[in-house]
Amino acid sequence: MSAYSLIINFFRVASWMKPVSGQDMKRLIISVVAIMLIASAASLPFVLNAGFGQAPQGAEKSLIERSPNYRDGEFQNTLPTPGFSSDKNMVVALWEFLTVKRENARPQQPLPLVPTDLARLPLETDTMIWLGHSSWYLQLSGKRILIDPVFSSYAAPFAFLNKAFDGNYPWQAANMPDIDLLIISHDHYDHLDYATIKGLLPKIKRAVVPLGVGSHLRYWGMKDELITEADWQQSVTISDALNVHVLPARHFSGRGLKRNQTLWASFMFVTPTQKIYYSGDSGYGPHFKAIGEQFGKVDIAILEDGQYDQDWRYIHMMPEQTAQAAVDLNAERVLPGHAGRFVLAKHTWDDPYKRLAQASKDKAYRLLTPMQGEPVWPADATQTFRAWWE
């Protein structure tokens, strides 16, 4: 792992943690400074990189401070959610996470995919396509929807960090059709990518994001009138046939050391014929059952299934918890995401699929496992897919 990889993973992991003792923090800072001194040979202008985005400030900061979910200077989950839950000393655990080599974390060959040309899909047909990790393309009620797009070959502030799996990735901003609706679940690098958003700017007609996330989009050049920021339990009308409900998730936010200045969320897309749920990133919690009771039957639930670990078990779900979340939601079909393109955890690349397939065997829902780019037809309740990871 490179020095810069250590730095960016430090940002990611350290932002999960509550303040620690002065002695531990001193040791941690010394370690990070040493890494940064090594990395400084590359002379990269970290503080000037636009990819870090811009936290809410001024009038926008005043607006989010009025949210019932914003307390004590940051957004809060609905129940206590420690980002780091290990019994180990925090410094030791962080260092192990950053430096210990993980076997089979990346596939030995490119994963199979279907290079679907999204621009050629008939708009009148409802369609759902997984574009890898947590990036999704949806067509619902005649609207083209793009969720958490990361078309870059990395999920970090710099192109040489957190590289994607090997293979030719066919989807880029240049070959996207016009996008009626951009959805961003939260501002982590594997869900909100600077280069992707900059490339998509001429094509995005509207964006719906959690409170505060619009600050990044405006900083990168998106017009203010295109952005709708919403709190949990608020709904946004997109058309007569499509409503988007912004709902709770159990996670955190931040693109640097200061966390939770923007909100994170899940979403329900409601049309006259379908209810499609997207979990974003979320640990397991009672919000899934509450959403299931609020909306009744969910036709298809896109659920997080990857980047989990016992050390951060409250902010990401284990596959068995993903299966239970689907039950809580009253989901008829389940699409797993948050894996298949980047490495952000210690498990093997295929563990999420193996464990969720096993956990789903006795459940009432149907598990759908398309390859990247393989269309899912919401109207076809009998559609099946192969276990492509085997």
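Residues numbered from 1 in each chain as written. Predicted model: local features only at pLDDT ≥ 70, side-chain atom pairs only at ≥ 80, totals over all residues. Heavy atoms only, no water.

K.L.:
Sorry if this is basic, but what is going on with the nonpolar core here?
P.N.:
Note on soluble globular proteins: their nonpolar side chains tend to be buried together. Grouped together as the largest cluster of nonpolar side chains are 45 residues, with contacts concentrated most on L138, I145, I183, F267 and F269. Counting residues in each nonpolar core, the second largest holds 26 residues, with L118, L146, M176 and L201 among its members. (Core = buried A, V, L, I, M, F, W, Y, C linked by side-chain atoms within 4.5 Å. Buried < 20%, exposed > 50% of the residue type's maximum accessible area, 1.4 Å probe, protein only.)

K.L.:
For this particular structure, what's the right way to read the pairing of strand β12 (residues 275–278)?
P.N.:
Across a regular strand the side chains alternate sides, sitting on one face of the sheet and then on the other. Judged from the 4 bridges that link them, strand β11 (residues 266–270) and β12 form a sheet pairing that is antiparallel. Bridging from a neighbouring strand, F267 pairs with Y278 of β12. Once β11 ends, the chain turns through 4 residues before running back antiparallel as β12. Taken together, the 3 bridges between β12 and strand β13 (residues 298–304) define a ladder with parallel strand orientation. When the bridges of β13 are listed, Y277 appears paired with A301. In this region the chain leaves β12, passes through helix α7 (residues 287–295) and returns to the parallel neighbour β13; the handedness of that crossover is right-handed. (Pairing = 2+ DSSP bridges. Helix = DSSP H or I, 4+ residues; strand = E, 2+ residues; numbered from the N terminus. Right-handed = clockwise from strand over helix to strand, strands pointing away.)

K.L.:
I keep staring at the confidence of the model for the protein chain and nothing clicks. Help me out?
P.N.:
Averaged over every residue, the pLDDT of the protein chain is 89; residues scoring 70 or more account for 84%. Scored below 50 in pLDDT, residues 13–18 makes 19 contacts in the model with residues more than four places away or belonging to other chains. A low-confidence stretch, residues 36–47 stays under pLDDT 50, and its non-local contacts, those more than four residues away or across chains, total 15 contacts. (pLDDT = per-residue confidence, 0-100. Contact = heavy atoms within 4.5 Å.)

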